Amino acid sequence: MTKPQDIAQPVGKGQSGEPKKVLLVGATGFLGAKILANLAQDTSVKVSAMSRKDRPFDAATCVEWVRGDLMDPASLDKVLAGVDVVVSSANGYMKESIETDFQGNRNLVDAAKRAGVGRFVFLSIVACEKAVDVPHFHAKKVAEDLIVESGVPYIFVRAPAFLDQSADYVADAVKAGRFYAVGDKTTRWSYVLTDDLAANLASAASNPGAEIVNQTIDIGWRDGPKSQEELARIISHLLNKPLSIWTVPWIVFRLLARPVRLFSELGFDLMQMFLFFRKGEFVSEISRQEQFFGPAPTSRDAIARWAKANSLI
Ligand SMILES: NC(=O)c1ccc[n+]([C@@H]2O[C@H](COP(=O)([O-])OP(=O)(O)OC[C@H]3O[C@@H](n4cnc5c(N)ncnc54)[C@H](OP(=O)(O)O)[C@@H]3O)[C@@H](O)[C@H]2O)c1
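For clarity, every value in this text was computed on a predicted model and none was experimentally measured.

Draft legend 1. Inspection of the environment of Val 174 at higher detail. Topologically, Val 174 is positioned in helix α6 (residues 169-175). The sequence separation of Val 174 and Ser 236 amounts to 62 residues, and the corresponding C-alpha distance is 8.6 Å. For Val 174, the residues in contact, after removing those within four places along its chain, are Ile 235, Leu 239, Lys 241, Leu 243, Trp 306 and Leu 312.

Laid out in structure tokens, this is it:
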């Protein structure tokens, strides 16, 4: 088997001397759209964006939309022809099926290998190797292992908890003067603002250096993980607004995880994830982030930008 380091190449120009061709898988998602916006502004790459739906060429951004389905290997062979770099933030566990995260990722890795892709930037999750009981975390680790085994040069960008979500329940609660905490107020874990994560993923795709290849890069804040009480305190201070913290105790997740599984795999997955958070191991180690992407933002900076985006300040 070819070892990844034997074929790792810096991403500069493509084989024809043209800008490298980057395929973004998951480009229509909440995070995916932000990665796409970053890639579209980068003149050193030519971007195509994959979706299962038909979309027109976007003349304003020069983004070419291609049709592909992670569950359909033949469609992946088609969209990967001539691609230098693949970036994937796609997932199915939240809205459809976790099979996308297992079989779909396997199909993508196999197709990337067949196509001779020069770099695979994969959005993974911090500490996923320690979370075998959390199905969607485990799926990330399985995919990482498949990519390494395939010999395709890789960059794993590992995200912690998103501060912002597509339905921003934290912002909604804060508007009502509340902060809902999972489990307890004191256990710390790491966070990221998706604007920052998206910029990091795009930068991993276009970084011309060879040093970034075959690296696993945790993303987080410069001042480390935060407890939910600390998070609430920073928000409260920035907004100059008192927040009452409402905590759902760990016992609720412990007692409900298995019964919930009877009618919701996603509910079970999320409860297992919260129970993993309790261990205090969902913590980013940001030295490689700072090496490759520059100084990590502080919690105050990220939270201030999040608050502004949600018209909280
Ligand atoms: N939320 C968190 O706190 C957190 C923390 C760490 C990491 N993450 C990771 O962050 C990512 C979230 O990304 P997001 O917000 O952009 O996701 P999203 O809004 O749920 O969008 C899902 C994307 O996946 C694509 N997709 C789903 N099934 C597909 C299939 N069979 N074939 C091709 N594409 C498929 C969809 O494309 P089409 O529907 O257009 O085909 C869409 O672009 C996930 O990888 C998640 O695991 C989340």
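Draft legend 2. Expanded view of the sheet that holds strand β4 (residues 85-88). Pairing in this open sheet of 7 strands is parallel, and the strands run β3-β2-β1-β4-β5-β6-β11 from one edge to the other. The strands lining the two open edges of the sheet, one partner per strand, are β3 (64-67) and β11 (215-218). Ignoring which end each strand starts from, the neighbouring axes of this sheet average 20° apart. Sheet topology places strand β1 (residues 20-25) next to β4; 4 bridges connect them, and they run parallel. Paired with Val 22 across the two strands is Val 85, which belongs to β4. In the packing of helix α5 (residues 135-150) onto the sheet, contacts are made with β5 (119-125) and β6 (154-159), and the angle to β5 comes to roughly 160°.

Draft legend 3. Just the packing of helix α4 (residues 99-115) against α5, in detail. It is the contact of α4 with α5, at a shortest axis distance of 9 Å, that shows an interaxial angle of 15°. Relative to α5, the element α4 is oriented roughly parallel. For the pair α4 and α5, the sense of crossing is right-handed. Contacts between α4 and α5 involve Asp 101, Phe 102, Asn 105, Arg 106, Val 109 and Lys 113 from the first element and Pro 135, His 138, Ala 139, Val 142, Ala 143, Leu 146, Ile 147 and Ser 150 from the second.

So, how was this worked out
- Every chain's residues receive numbers from 1 upward, in the order its sequence appears when written.
- Reporting of local features is limited, given that this is a predicted model, to residues whose pLDDT is at least 70; pairs of side-chain atoms are given and counted only at 80 or more, and all residues count toward the totals for whole chains, interfaces and linings.
- Think of the side-chain values as coming from all heavy atoms in the structure, minus any hydrogens and water.
- Labels follow the DSSP assignment, with helices taken as runs of H or I lasting at least four residues and strands as runs of E lasting at least two, numbered in each case from the N terminus.
- Residue contacts are counted whenever heavy atoms from the two residues lie within 4.5 Å of one another.
- Paired strands are those between which DSSP finds at least two bridges.
- Fitting a line to C-alpha atoms yields each axis, with helices limited to the stretch in contact; the angle taken between N-to-C directions then spans 0 to 180 degrees.
- Angles below 35 degrees are treated as roughly parallel, those above 145 as roughly antiparallel, those between 65 and 115 as roughly perpendicular, and all remaining angles as oblique.
- Less than a right angle of anticlockwise turn of the near helix away from the far helix marks a crossing as left-handed, whereas a clockwise turn marks it as right-handed.

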